[in-house]
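# Geometric and topological summary
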Amino acid sequence: MTPDDHARAAADLLEAERTGTQIGLLSLRHPAMGMADAYAIQNAIYRAKVAAGRHVIGWKIGLTSKAMQDALKIDIPDSGILFDDMAFADGATIPNGRFIQPRVEAEIAFVMKAPLGGADVTRQDVLAATDYVAPALEILDTRIQRVDPVNGKTRTVFDTISDNAANAGVVLGPQRHAVVAVDLRWVGAIALRNGEVEETGLGAGVLNDPVESVVWLARRIAGYGQSIAPGQIILSGSFIRPIECPPRTEITADFGSFGDVSLSFA
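Below you will find a few notes about this structure. (Residues numbered from 1 in each chain as written. Predicted model: local features only at pLDDT ≥ 70, side-chain atom pairs only at ≥ 80, totals over all residues. Heavy atoms only, no water.)

## Some details on helix 1 (residues 3-19)
To be explicit about the condition: Numbering goes from the N terminus for both helices and strands, where a helix is a DSSP run of H or I of at least four residues and a strand is a run of E of at least two. The span one expects for a helix is its residue count, reduced by one, times 1.5 Å. For every residue, the accessible area (1.4 Å probe, protein chains only) is compared with the maximum for its type, and the residue is labelled buried under 20%, exposed over 50%, or partly exposed between those bounds. Think of the arc as the fan of directions from the helix axis to the C-beta atoms. Only heavy atoms enter the contact rule, under which two residues are in contact if any of them lie within 4.5 Å.
Look at helix 1: 24 Å from first C-alpha to last across 17 residues, which is about the 24 Å you get at 1.5 Å a residue. Turning to helix 1, its buried residues are H6, A9, A10, D12, L13 and A16. Looking straight down helix 1, one finds that the buried residues subtend no more than 160 degrees of arc, so they occupy a single side. Across from the buried face of helix 1, at angles greater than 90 degrees, the exposed residues are P3, D4, R8 and R18. For helix 1, the secondary structure elements touched by its buried residues are helix 2 (26-29), helix 3 (35-51) and helix 6 (157-162). The positive-phi residue at the C-terminal boundary of helix 1 is G20, with phi of around 75 degrees.

## Focus on the sheet that holds strand 12 (residues 249-254)
Our working rule: Here, any two strands with at least 2 DSSP bridges between them count as paired.
The sheet built from 5 strands is open, its strands ordered 4-13-12-8-9 with mixed pairing. Each of the sheet's edge strands pairs with one partner strand only, and the pair in question is strand 4 (93-94) and strand 9 (196-202). Pairing geometry for strand 8 (residues 188-193) and strand 12, over 4 bridges, is antiparallel. For L192, the partnering residue across the bridge sits in strand 12 and is T252.

## Observations concerning the packing of aromatic side chains
Using the following cut-off: Note on aromatic contacts: the rings of Phe and Tyr and the six-membered ring of Trp form a pair at centre separations within 6.5 Å, being stacked when their planes are under 30 degrees apart, edge-to-face when over 60 apart, and tilted otherwise.
In the structure shown here, the tally under the stated rule is 4 aromatic pairs. Taking the centre distance of 6.0 Å and the plane angle of 50 degrees together, the rings of Y39 and Y224 count as tilted. A residue pair is termed long-range when its members are at least 10 positions apart, and Y39 in helix 3 and Y224 in the loop between helix 7 (210-222) and strand 10 (233-238) qualify at 185 residues. For Y39, a relative accessible area of 4% puts it in the buried group. Overall, the relative accessible area of 42% leaves Y224 in the partly exposed class. Ring pairs connect the aromatic residues F239, F255 and F258, which therefore count as one cluster.

## Regarding the layout of surface pockets
The following threshold applies: Cavities and pockets were defined on a 1 Å grid built from protein atoms only: a cavity is a group of points that admits a 1.4 Å probe but offers it no way out, a pocket is an open group of points flanked by protein on both sides within 12 Å along at least five of seven lines, and a lining residue is one with an atom within 4 Å of any such point. Grid points are joined across faces, edges and corners, and a volume is the space filled by probe spheres set on the points.
Estimates place the volume of the second largest pocket at around 240 Å³. Together, 17 residues line the second largest pocket, and E17, R18, K49, D85 and R98 are the ones closest to its centre. The set of elements that each furnish at least two residues to the lining of the second largest pocket consists of helix 1 and helix 3. In terms of residue count, helix 1 provides more of the lining of the second largest pocket than any other element does, 3 residues in total.

## Side note on the pattern of salt bridges
Threshold: In the sections that follow, a salt bridge refers to a side-chain nitrogen of Lys or Arg positioned within 4 Å of a carboxyl oxygen of Asp or Glu.
For the coordinates displayed, the defined rule picks out 13 salt bridges. Note that K49 is salt-bridged to E17, the shortest N-O span being 3.0 Å. You can see K49 sitting in helix 3 and its partner E17 sitting in helix 1, a full 32 residues away along the chain. Judged by relative accessible area, which is 8%, K49 ranks as buried. On the basis of relative accessibility, which here comes to 34%, the residue E17 falls in the partly exposed class. For E199, the salt bridge goes to R241, with nearest N and O atoms at 2.8 Å. Here E199, found in strand 9, pairs with R241, found in the loop between strand 10 and strand 11 (243-244); they are 42 residues apart in sequence, far enough to count as distant. Three or more residues are tied together by salt bridges with common partners; here these are R8, D12 and R29.

## Notes on unusual backbone geometry
Positive phi outside glycine occurs at N164, with the angle close to 55 degrees. Position of N164 relative to the elements: it lies in the loop between helix 6 and strand 7 (167-172). Of the residues examined, N164 reaches a relative accessible area of 5% and is grouped as buried. For N194, which is not glycine, the phi dihedral falls at a positive 50 degrees.

Below is the structure:
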């Protein structure tokens, strides 16, 4: 893909977000596109949003489980950018039409107190830079069709990364924990939709330890001259499958002693 191709794809995705109308698969439009193209499109979206007045509040990490990586035939996670208009309060009701096809995942969020960056970031660096960890929900959305209606081709990881890793929103629970006080591998959640259990999972599903997910992110973005800033939120990756959220859906994630977090869709 050329820089003009990246710019056009980013513009189309931004228009899809604005109008609530999905675009076709970029991987069909550009069959030879690769990982570098996908992140170039994501970065073009980032530049456009910052130019429009948005500011970055953090990062999300996706595709951290073996099951999801195997499904998409990759062996690494992906990442996206959290903007200020993506933050919702615990218990918030999302207005109808705010998203196209929302889904929700339960995650452990890291909130940072110190900068973190560099290709040699370690686990201890992440622990030292973390202010606290908290229960969280990530809202996913897709500005790209999940399946092409003509040939049945499904979106690829390149489509998802281009679409800001399907990132759309974040909700933090009110509980805060020192990262060194909790074995995050054993932090689990019961995710309920309209009062019924939909998914359960453990933090170990995220690269065997959510801390390692943040290590991966810091090292990856260092290759693009970026770093994690104090105060930013890091969604470390889901340990449940995404839950579909049509209108009149209520989601609660019960993390036991770690806390809880909820939201609903009008």
